[in-house]
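Chain by chain, the residues:
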Amino acid sequence: MAKYPLLFTYRDLVAGKDFLAGITTNGRGLLVEEADGTWTMYGVYPGAIAGVGESREAATAQFRDMYRAALYDIAETATSFHELAAEVKSFFHDKNEINEAEWDQAAERISSEGQGDGWLRTQKAKKHPPKVKVEEVSDRGAEANQLDEEPVAAVA
Amino acid sequence: MLRKCAPGHELVEKTHLHWIWFEGKRATLPQGKHGRKNNAEIEIGHIRNMVRQLGLDEDCVKKHLPQLS
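Residues numbered from 1 in each chain as written. Chains lettered and ligands numbered in written order. Predicted model: local features only at pLDDT ≥ 70, side-chain atom pairs only at ≥ 80, totals over all residues. Heavy atoms only, no water.

Enquirer: Please provide a residue-by-residue account of the state of the cysteines, values included.
Expert: Residue and element names in this part refer to chain B. Under the counting rule described, the total for this entry stands at one disulfide over all chains. Through a disulfide, Cys-5 is tied to Cys-60; the S-S separation comes to 2.0 Å. The sign of the S-S torsion, about -90°, decides the handedness of the disulfide formed by Cys-5 and Cys-60: left-handed. A residue pair is termed long-range when its members are at least 10 positions apart, and Cys-5 in helix 1 (residues 2-5) and Cys-60 in helix 3 (residues 58-64) qualify at 55 residues. (Disulfide = S-S within 2.5 Å. Helix = DSSP H or I, 4+ residues; strand = E, 2+ residues; numbered from the N terminus.)

Here it is, written out as structure tokens:
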């Protein structure tokens, strides 16, 4: 059962009541090829979401959709930017401890093997600590539009 | 399953996801295809993640969802 400790950076613009928030997440997920050949991306930071698919691309895409859907649900009930920011930070830092333990083991494995698989670049985990930034961007114009970064595999 | 294995949990259906709170942790599950909220078919990976995230007892969960074994 192949396991890949992913580091990802997601960037979203989320509209709330009378504000626009720019949310940048440096998160972690564990991508697993299951015994039946399907793939699951399990959340570490944030721990509350997962993605499932017939391929690793499908699983990571669904994970991305779940993450965006969670932000939109949070934005719907936030009555202010500050309330949104607090709830997004709480959601992000609600870590999945079991997934994290497997993530750490997978990062150690990749370190000891010396390289990731050919389809995935690697990066030292400590250079990509888990964090989330929430900014009000109502006055930024097009500068606020930013793309995600491609996920990489963590090495210990 | 949640009634037996996560007594006292809170389940909230929001616009995009189902949210479950249990003992200070939160998990999410997708809605069914075409936005079906009732009796949605949810893939096993999401359930497995929820079990891990909420710290549910695996034996209890497997009793109600044997496909998790």
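Enquirer: With reference to specific residues and values, describe the interface of chain A and chain B.
Expert: Contacts between the two partners involve 28 residues from chain A, matched on the other side by 19 residues from chain B. Of the roughly 2,000 Å² buried at the junction of chain A and chain B (both faces included), carbon and sulfur atoms supply 46%. Per-residue buried area on chain A facing chain B is highest for Met-66, Asp-73 and Asp-94 of chain A; these three make up 27% of the total on that side. Counting every contact that joins chain A to chain B gives five salt bridges. Where Arg-52 of chain B meets Glu-102 of chain A, a salt bridge forms, and the shortest distance between an N and an O atom there is 3.3 Å. If you look at where chain A meets chain B, you find 21 residue pairs in polar contact (both at pLDDT 80 or more). Among the elements that line the side of chain A that touches chain B, the one with the most residues is helix 1 (residues 56-77) of chain A, at nine residues. Among the residues making up the side of chain A that touches chain B, the classes are represented as twelve nonpolar, nine polar and seven charged. (Contact = heavy atoms within 4.5 Å. Buried area = accessible area lost by both parts, 1.4 Å probe. Salt bridge = Lys/Arg side-chain N within 4 Å of Asp/Glu carboxyl O. Polar contact = N/O pair within 3.5 Å; in protein donor to acceptor, adjacent residues only side chain to side chain. Nonpolar A, V, L, I, M, F, W, Y, C, P; charged D, E, K, R; others polar.)

Enquirer: How would you summarise the nonpolar core if you had to cite specific residues and measurements?
Expert: Most often, soluble globular proteins have nonpolar side chains that are buried together. Ranked by size, the top nonpolar core spans 49 residues in total, and within it Ile-23, Leu-84, Val-88, Phe-91 and Val-134 of chain A carry the most contacts. Counting residues per element, this core draws most heavily on helix 1 of chain A, which supplies nine residues. Those residues within four positions of Leu-84 of chain A in sequence are excluded, and the remaining contacts are Phe-19, Ala-21, Ile-23, Ile-74, Ala-75, Ala-78 and Val-134 of chain A. With 16 residues, the next largest nonpolar core counts Ala-27, Val-51, Leu-54 and Leu-65 of chain B among its residues. (Core = buried A, V, L, I, M, F, W, Y, C linked by side-chain atoms within 4.5 Å. Buried < 20%, exposed > 50% of the residue type's maximum accessible area, 1.4 Å probe, protein only.)

Enquirer: For the packing of helix 1 of chain A against helix 2 (residues 81-93) of chain A, give the residues involved together with the corresponding values.
Expert: Residue and element names in this part refer to chain A. The contact between helix 1 and helix 2 brings their axes to 9 Å, and the two run at 145°. For helix 1 against helix 2, the interelement crossing comes out right-handed. Contacts between helix 1 and helix 2 involve Tyr-67, Ala-70, Leu-71, Ile-74, Ala-75 and Thr-77 from the first element and Glu-83, Leu-84, Glu-87, Val-88 and Phe-91 from the second. Each residue belonging to the contact of helix 1 with helix 2 can be placed in one class, and the counts come to eight nonpolar, one polar and two charged. (Axes fitted to C-alpha atoms, helices over the stretch in contact; angles between N-to-C directions. Left-handed = near helix turned anticlockwise from the far one by under 90°.)

Enquirer: Summarise the sheet that holds strand 1 (residues 10-13) of chain B; cite the residues concerned and give the values.
Expert: Ordered in space as 1-2-3 (chain B), the three strands form an open sheet in which the pairing is antiparallel. Two strands in the sheet have a free side with no partner beyond their single neighbour: strand 1 and strand 3 (25-30) of chain B. The mean angle between the axes of side-by-side strands here comes to 20°, regardless of whether they run parallel or antiparallel. The pairing of strand 1 of chain B with strand 2 (residues 17-22) of chain B spans four bridges and is antiparallel. Among the inter-strand pairings, Leu-11 of chain B is bridged to a residue of strand 2 of chain B, identified as Ile-20 of chain B. Lying on the sheet, helix 1 of chain A is in contact with strand 2 and strand 3 of chain B; it crosses strand 2 of chain B at an angle near 75°. (Pairing = 2+ DSSP bridges.)

Geometric descriptors of this kind do not, in isolation, establish any biological role.
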